[in-house]
Amino acid sequence: MRLATLRNEPDSAQPSAAQPFAFKLSNVTVAYRSYQERPSSLKETVIRFMRTGKMKHYSTFDALNDVSLEINKGTVLGIIGSNGSGKSTLLKVMAQVLKPTQGRVVVNGSVSSLIELGVGFDPELNAVENIFLNGSLHKKSNADIKSRVDHILEFAELHDFARTPIKYFSSGMAARLGFAVAIDINPDILIVDEILAVGDERFQAKCSTVFQNFLKSGKTIIIVSHDMSMLEHTAREIVLLSRGKIVFRGDPHHAIGMYRDKSYETALQG
Ligand SMILES: Nc1ncnc2c1ncn2[C@@H]1O[C@H](COP(=O)(O)OP(=O)(O)OP(=O)(O)O)[C@@H](O)[C@H]1O
Ligand SMILES: [Mg+2]
């Protein structure tokens, strides 16, 4: 896993502070290539071409299929769904690290995202060096970063490992550093994919306090998780994804109930 902390400046031409939404996704489709077995010889390639008239050995499928979603500012939105349903793809589109094949994404505010462990970090560098690296990626001055290093290490509880190359960090330690760096940017919108699940209970409690403070200041959190009890306590509403489509959006208790009894999958098949 890699961990991303990205900051997207508000798109001043489109939304403004007066507008109530954090994200507006309109008819977003993300198509990926799905590879079939590669022909092992020229002869096979020729036979395949003669049979199908095609040289390519892949087809495309939609990881997100015509998704429209408006998310208000100041909310905690949970995203759930089975493995491969498109949750991380949706977060990547929101964080603008992935351009949709079709559709439009409007973001209203600065975004900090923890989508994959390691993005924005160099495994060979130690924690402090990585804090500098990440700060410079966000165009912060050295003096500015220097003044934040202690605070970041303290939040992540990694003072004792400040000079350890992060390739030796456990996944929980890497997630703590990533989270500490991401929230230090003080974004309007925080996007988190599963990563906090690898933190221990104490760290998770700390994150939950951060979330509460975030919300009090009118900020927005989008969180993907398989931890239903955490989401039931944290999320104001939940989006349930199935095969790249939103099958439900609304009350967390209802969404989790649907997800658990899988009734939506049979409904989709039928
Ligand atoms: N870069 C890629 N190239 C091709 N297919 C991809 C790529 N990234 C994701 N996919 C496919 O897109 C679909 C959705 O993937 P995604 O990672 O969004 O699922 P997810 O809901 O986050 O799953 P999980 O719960 O396992 O994290 C999957 O079928 C996956 O194999
Ligand atoms: Mg995922």
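Asker: Hey, could you go over the pairing of strand β1 (residues 21–35) for me, with residue numbers and the actual values?
Answerer: Two strands pair when backbone bridges link them, and β1 and strand β2 (residues 58–72) are joined in this way by 11 bridges, in the antiparallel orientation. In the strand pairing of β2, Val28 is matched with Val67.

Asker: Which residues make up the pairing of strand β5 (residues 111–114), and what are the values?
Answerer: Side chains Val111 and Ser113 project from β5 onto one buried face, and the interleaved Ser112 and Leu114 project onto a second face that is buried too. Judged from the 4 bridges that link them, β5 and strand β6 (residues 189–193) form a sheet pairing that is parallel. Bridge pairing links Val111 to Ile189 in β6.

Asker: Quick rundown of helix α3 (residues 127–137)? Include the residues and the values.
Answerer: Since there are 3.6 residues in each turn of an α-helix, residues three or four apart along the chain are aligned in direction. Taken as a whole, α3 has its buried residues at Ala127, Asn130, Ile131, Asn134 and Gly135. The buried residues of α3 occupy one face: seen down the axis, they fall within an arc of 140°. Elements that come into contact with the buried residues of α3 comprise α4 (142–156) and α5 (171–184). Lys139 sits one or two residues past α3 and shows a positive phi near 60°.

Asker: Can you lay out the sheet that holds strand β7 (residues 220–224) for me, pointing to particular residues and giving the numbers?
Answerer: Across the sheet, 6 strands lie side by side as β5-β6-β7-β3-β8-β9; this open sheet has mixed pairing. Each having just a single partner strand, β5 and β9 (245–250) make up the two edges of the open sheet. Taking the axes of each pair of neighbouring strands and ignoring which way they run, one obtains an average angle of 15° across the sheet. Sheet topology places strand β3 (residues 76–80) next to β7; 4 bridges connect them, and they run parallel. Bridging across to β7, Gly78 finds its partner in Ile223.

Asker: For unusual backbone geometry, give the residues involved together with the corresponding values.
Answerer: With phi around 55°, Glu157 is a residue other than glycine that occupies positive phi space. Topologically, Glu157 is positioned in the loop between α4 and α5. For Glu157, a count of 16 C-beta atoms within 10 Å translates into the label partly exposed. Within the chain, Arg243 stands out as a residue other than glycine whose phi angle is a positive 45°.

Asker: Account for the site of ligand 1, naming residues and giving values.
Answerer: Ligand 1 sits among Tyr32, Ala63, Gly81, Asn83, Gly84, Ser85, Gly86, Lys87, Ser88 and Thr89. The residue makeup of the shell around ligand 1, split by class, is 2 nonpolar, 7 polar and 1 charged.

Asker: Can you explain the sheet that holds β2? Please cite residues and give values.
Answerer: As summarised here, the arrangement of the 3 strands in space is β2-β1-β4, forming an open sheet in which the pairing is antiparallel. Pairing within the sheet leaves two strands with one partner each, and these edge strands are β2 and β4 (102–107). Taking the axes of each pair of neighbouring strands and ignoring which way they run, one obtains an average angle of 25° across the sheet. Along the sheet, helix α2 (residues 87–94) contacts β1, β2 and β4; its crossing angle with β2, the most-contacted strand, is approximately 60°.

Asker: Just give me the short version of the packing of α4 against α5, but keep the residues and values in it.
Answerer: One can describe the packing of α4 onto α5 by two numbers: an axis separation of 8 Å at closest approach and a directional angle of 135°. By the angle between their axes, α4 is oblique relative to α5. The handedness of the crossing between α4 and α5 is right-handed. In this structure, α4 contributes Arg148, His151, Ile152, Phe155 and Ala156 to the contact, and α5 contributes Arg176, Leu177, Ala180, Val181 and Asp184.

Definitions and cut-offs
Residues numbered from 1 in each chain as written. Chains lettered and ligands numbered in written order. Predicted model: local features only at pLDDT ≥ 70, side-chain atom pairs only at ≥ 80, totals over all residues. Pairing = 2+ DSSP bridges. Helix = DSSP H or I, 4+ residues; strand = E, 2+ residues; numbered from the N terminus. Buried ≥ 20, exposed ≤ 12 C-beta atoms within 10 Å, placed from the backbone. Arc of directions from axis to C-beta. Contact = placed C-beta atoms within 7 Å. Axes fitted to C-alpha atoms, helices over the stretch in contact; angles between N-to-C directions. Near = placed C-beta within 6 Å. Nonpolar A, V, L, I, M, F, W, Y, C, P; charged D, E, K, R; others polar. Parallel < 35°, antiparallel > 145°, perpendicular 65-115°, else oblique. Left-handed = near helix turned anticlockwise from the far one by under 90°.

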